[in-house]
Amino acid sequence: MRLEERPDPTPGSDEVVVAARFAGVNAADLAQRAGHYPPPPGAPQDVPGLEVAGVVVATGVTVRGFVEGDRVFGLVGGGGLADRVVVHERHVARVPEELPEEHAAAVPEAFITAHDALVTRGGLGLGDVLLVHGANGGVGSAAVQIGVAAGARVLASARCAHHELAELGAEPVAPGDAVAAAKAAGGVDVVLELVGAENLAGDLEALAPKGRIVVVGSSAGADGRLPLRVLMGKRAAIHGTVLRARPLEEKAAAVQRFAHEVVPHLAAGRMRAIVDATFPAEQAPEAFDRMAASGKFGKVLLAF
């Protein structure tokens, strides 16, 4: 990887250009660097980055929702690791005044992914029991907060940051104890799987009848054993989900629902962005190394 200077992007008719001081690094960026996760057609092919947060500095001719000077955050198909990012106007939401720039940059991919997975895909509701695998990461820590705000009992499986997860309202558990904790709770209604296939059989074992598993990450393996009799006996469901390659309106719907249901909690301080570490853009390789390492709590950012 290297840092390059290129001409500023120009917006299409329904796009805005965002000036960003900070940019979030995600597991998908590591996969793209390794050649395993190409960006969708139309996105920059050689600049990773799935999210953007900053100030609108240019708008397309048909844009009506934003003007120059507005603070926004949201999702892009690629090109987010830059200080000028072009994004469709339906894929961003307004940043609350209360949120500093650095914290705003830690929000979009983590909170939109977690909210879409838990609420839209998983149907998480009041009184449910939620198990989050990989709860110390960006998406995991966002999921813990969304679960708590939704009125669920949250079991947070992580190898570290147990004190911090407890402060967010979760019941921290070591990964090896997660299934036992789930059974002691009477089974879980939703499992958010951010780790990978090694957990799949245990996830099914942990489910209550009619429980749902939502698979968002596979960093620890993509192929695993699926006990079909357990799946059938519990009338359970397994959902897979990604945001990056969704059609424009599907991604817009996820962003707009986040704006309606999550952003007010961020503005009121009931949820918060969590930053593990911030690196100068010139140190992007070191930031990627931190992202790949264990022991994080929250998001890794680049500063431009």
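It should be noted that the structure appears before, not after, this text.
Described below are features of the structure shown in this document. Given the structure is predicted, the values throughout are model-derived calculations rather than measurements.

Taken together, six strands build an open sheet; the order of strands is β9-β8-β7-β10-β11-β12 and the sheet is parallel. Of all strands in the sheet, those bounded by a partner on one side alone are β9 (171-173) and β12 (237-240). Recorded for the sheet is a direction-independent mean angle of 20 degrees between the axes of neighbouring strands. Taken together, the three bridges between strand β8 (residues 153-157) and β9 define a ladder with parallel strand orientation. The residue of β9 that forms the bridge with S157 is V173. Lying on the sheet, helix α3 (residues 108-121) is in contact with β7 (129-133), β10 (188-193), β11 (207-215) and β12; it crosses β10 at an angle near 150 degrees.

Moving on: the environment of G186. Turning to its location among the elements, G186 is positioned in the loop between α6 (178-184) and β10. A relative accessible area of 58% means that G186 is categorised as exposed. In the structure, G186 is positioned 57 residues away from V129 in sequence and 8.7 Å away in space, judged by C-alpha atoms.

The description of two helices packed together rests on the angle between their axes and the distance between the axes. The interhelical angle for the contact between α3 and helix α4 (residues 138-149), taken along N-to-C directions, is 55 degrees, at an axis separation of 8 Å. In terms of their interaxial angle, α3 and α4 are classed as oblique. Handedness of the crossing formed by α3 with α4: right-handed. From α3, E109, A110, F111, T113, A114, H115, L118 and V119 reach across to α4, where they touch G138, V139, A142, A143, Q145, I146 and G147.

The next thing to look at is unusual backbone geometry. Here the phi dihedral of A161 falls at roughly 60 degrees; this positive angle occurs in a residue that is not glycine. Turning to its location among the elements, A161 is positioned in the loop between β8 and α5 (162-167). For R235, which is not glycine, the phi torsion reads 50 degrees and is therefore positive. Relative to the elements of secondary structure, R235 occurs in the loop between α8 (228-233) and β12.

Counting 51 residues, the largest nonpolar core has F73, F111, L118 and F258 as its most contacted members. For this core, the element with the highest residue contribution is α3, accounting for seven residues. With residues up to four places along the chain from it excluded, the contact list for L118 reads G123, L124, L130, A143, I146, G147, V190 and L192. Grouped together as the second largest cluster of nonpolar side chains are 16 residues, A178, A185, V191 and A236 included.

Here we take up a nonpolar patch on the surface. Where nonpolar side chains cluster on the molecular surface, the patch consists of L226, L228, M232 and I238 and spans about 360 Å² of accessible area. Counting through the fold element by element, L226 comes out in the loop between β11 and α8. Residue class for L226 comes out partly exposed when judged on its relative accessible area of 35%.

Right, let's get into the pattern of salt bridges. Under the counting rule described, the total for this entry stands at 14 salt bridges. One salt bridge in this structure joins D46 and R6, with 2.7 Å as the shortest N-O distance. One end of the pair, D46, is in the loop between α1 (27-33) and β3 (51-59); the other, R6, is in the segment before β1 (15-19), with 40 residues separating them in the sequence. Of the charged contacts, one joins E249 and R90 as a salt bridge, the two residues approaching to 3.7 Å between their closest N and O atoms. Taken together, the positions of E249 in helix α9 (residues 248-261) and R90 in the loop between β5 (84-88) and β6 (92-94) put the pair 159 residues apart, joining distant regions of the chain. A single salt-bridge network, built from bridges that share partners, covers R2, E4, R6 and D46.

We now examine α9. Taking 1.5 Å of rise per residue, the 14 residues of α9 would be expected to cover 20 Å, and the 20 Å separating its terminal C-alpha atoms lies within 8% of that figure. Within the span of α9, buried status applies to K251, A252, A254, V255 and F258. Along the axis of α9, the buried residues cluster in a sector spanning 160 degrees; they form a single face. At its buried positions, α9 is contacted by β4 (71-75), β6, α3 and α10 (263-268).

Turning next to the environment of R2. Mapped onto the elements of the fold, R2 is located in the segment before β1. Here R2 falls in the exposed class, since its relative accessible area comes to 69%. Along the sequence, R2 and L130 sit 128 residues apart, while their C-alpha atoms lie 40 Å from each other. A distance of 2.8 Å separates the side chain of R2 from the side chain of E4, its partner in a polar contact.

The strands that make up a sheet are held in pairs by hydrogen bonds between backbone atoms, and each pair lies either parallel or antiparallel. Spatial strand order, β5-β1-β3-β4-β6: five strands in an open sheet with antiparallel pairing. The two strands at the open ends of the sheet, each matched to only one other strand, are β5 and β6. Strand-to-strand twist of the sheet, defined as the mean angle between neighbouring strand axes without regard to direction, takes the value 45 degrees. The pairing of β4 with β6 spans three bridges and is antiparallel. Each residue of the ladder has a partner; that of G74, found in β6, is V92. Contacting β3 and β4, α3 crosses the sheet at an angle of about 55 degrees to β4. Across the sheet, α9 lies against β4, β5 and β6, angled at about 20 degrees from β6, the strand it touches most.

Each value, and the rule that gives it
Residues numbered from 1 in each chain as written. Predicted model: local features only at pLDDT ≥ 70, side-chain atom pairs only at ≥ 80, totals over all residues. Heavy atoms only, no water. Pairing = 2+ DSSP bridges. Helix = DSSP H or I, 4+ residues; strand = E, 2+ residues; numbered from the N terminus. Axes fitted to C-alpha atoms, helices over the stretch in contact; angles between N-to-C directions. Contact = heavy atoms within 4.5 Å. Buried < 20%, exposed > 50% of the residue type's maximum accessible area, 1.4 Å probe, protein only. Parallel < 35°, antiparallel > 145°, perpendicular 65-115°, else oblique. Left-handed = near helix turned anticlockwise from the far one by under 90°. Core = buried A, V, L, I, M, F, W, Y, C linked by side-chain atoms within 4.5 Å. Patch = residues over 30% accessible without salt bridge, like charges linked within 9 Å, V, L, I, M, F, W, Y side chains within 5 Å. Areas by Shrake-Rupley, 256 points an atom, 1.4 Å probe, with all protein chains shown as cover. Salt bridge = Lys/Arg side-chain N within 4 Å of Asp/Glu carboxyl O. Expected span 1.5 Å × (residues − 1). Arc of directions from axis to C-beta. Polar contact = N/O pair within 3.5 Å; in protein donor to acceptor, adjacent residues only side chain to side chain.

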